[in-house]
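# Analysis of the macromolecular model
Here is what each chain is made of, one letter per residue.
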Amino acid sequence: MHHGWILAGKRGLEKRAFAQAAARDLVGDTGEGDHPDILLLDHPPKDDKEARKKADGKPYERARNIKIDQIRAMQRRLNTRPTMGDNRAIIIDPADDMETAASNALLKTLEEPPVGTTIFLIAHRPSRLLPTIRSRCRILRFAPVEDAAIHAAVADQSPETQAELREAAVHAAGGSPGMALSYLKHDMGKIDQLLRRIAHEGDRDFTLRGALSAAIGTRPDRERQSVLFDLSRAILTDRMTDTPREDLAKLADAHSDLVELAAQAPIYNFDANFLVMEIGGLLASVAGNRSSANV
């Protein structure tokens, strides 16, 4: 068993559930509660005030990144023996949201892992991980789910939703059941339509981008913002099937810029209106008539 694994795939493919099941198998646990030899690192509370809310069992706002302090605390745990056996599992979700300093600190553990320790790095965008981290792990890729299975999941968990909206959610999901459910949870139908109109028609007078900004709101939460980026990337990917060969380079550049913007957003805490203008501009740049894009 290799000591480091990258679980790669789109958001919403149950990579964390897989990691938790694998971790329980490694430590020999058949229960459902917390286990002292399974350490989960995810986004911590934003600040001390939010940490108190978490301690009180109240809803709390999370930080945008996984911090170096979390990696250091995990490494201190690794200096001791496992509590209940010979094995220990670490789950970092999502690993592509680690601060640079946290990534560099984790690299030292991957280079010299303690005996019996397995590390699962959940990555929605593996390219954001340090090349040196990727080189020390094996990658397990989670394939997109067939539309029929996503239809069944959406119908089961959101039976009250209109069939037309469920169909739009499945189409936008790009093979991710979690994405389809997030689409419905955050009522992304209107936003999806506006994004697609910008990509196909352009937005010369910024009318569509203005409507998009109003639909997103001034303070979209982290998940809603993630769905916005996922939808935008899916739209650009869809355009590849009907884009003339001579325009594919422009489409690829827009997709690359969108991926970079998505990576920067959690770090720089961009204003929501700025994000809408940037995303809208990238989508407008691939519209059929470039002169109408106004980018």
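Refer to the structure above for everything that follows.
Computed from a predicted model, the values in this text were never measured in an experiment.

## As for the packing of helix α11 (residues 222-239) against helix α12 (residues 248-268)
- For the pair α11 and α12, the least separation of the axes is 10 Å and the interaxial angle reads 170°. If you check the angle between α11 and α12, you find them roughly antiparallel. Two secondary-structure elements touch here, α11 through Arg222, Gln225, Phe229, Ser232, Arg233, Leu236, Thr237 and Arg239 and α12 through Leu251, Ala254, His255, Leu258, Val259, Leu261, Ala262, Ala265 and Pro266.
- For the contact of α11 with α12, a count of residues per class yields ten nonpolar, four polar and three charged.

## Overview of the pairing of strand β1 (residues 4-8)
- Of all five residues making up β1, five are buried, and the element is well covered by its neighbours.
- As paired strands, β1 and strand β4 (residues 117-123) are joined by five bridges and run parallel to one another. Within β4, the position partnered with Gly4 by the bridge is Ile119.
- Across four bridges, the pairing between β1 and strand β5 (residues 138-141) is parallel.

## Overview of the nonpolar core
- Grouped together as the largest cluster of nonpolar side chains are 38 residues, with contacts concentrated most on Leu195, Leu212, Phe229, Leu231, Ile279 and Leu283.
- Those residues in contact with Leu231, other than ones at most four positions away along the chain, are Ala172, Met179, Tyr183, Met188, Asp192 and Leu195.
- Listed in part, the 23 residues of the second largest apolar core include Leu41, Ile66, Leu106 and Leu107.

## Some points on the layout of surface pockets
- Considering only enclosed or pocket space, the largest pocket measures out at about 840 Å³ in volume.
- At the level of secondary structure, the elements contributing two or more residues to the lining of the largest pocket comprise α1 (15-27), α8 (177-185), α11 and α12.
- Take the lining of the largest pocket: its biggest share by element is seven residues, from α11.
- The volume enclosed by the second largest pocket comes to roughly 550 Å³.

## Comments concerning unusual backbone geometry
- Note that the residue after Asp93, namely Pro94, is joined by a cis bond; omega there is -10°.
- One can find Pro94 in the loop between β3 (88-92) and α4 (100-111).
- In this structure, Glu14 is a non-glycine residue whose phi angle is positive, near 65°.
- Tracing the backbone shows Glu14 in the loop between β1 and α1.
- With relative accessibility at 57%, the residue Glu14 sits in the exposed group.

Thresholds applied
Residues numbered from 1 in each chain as written. Predicted model: local features only at pLDDT ≥ 70, side-chain atom pairs only at ≥ 80, totals over all residues. Heavy atoms only, no water. Axes fitted to C-alpha atoms, helices over the stretch in contact; angles between N-to-C directions. Helix = DSSP H or I, 4+ residues; strand = E, 2+ residues; numbered from the N terminus. Parallel < 35°, antiparallel > 145°, perpendicular 65-115°, else oblique. Contact = heavy atoms within 4.5 Å. Nonpolar A, V, L, I, M, F, W, Y, C, P; charged D, E, K, R; others polar. Buried < 20%, exposed > 50% of the residue type's maximum accessible area, 1.4 Å probe, protein only. Pairing = 2+ DSSP bridges. Core = buried A, V, L, I, M, F, W, Y, C linked by side-chain atoms within 4.5 Å. 1 Å grid on protein atoms, 1.4 Å probe; cavity = no way out; pocket = protein on both sides within 12 Å on 5 of 7 lines; lining within 4 Å. Points joined across faces, edges and corners; volume = space filled by probe spheres on them.

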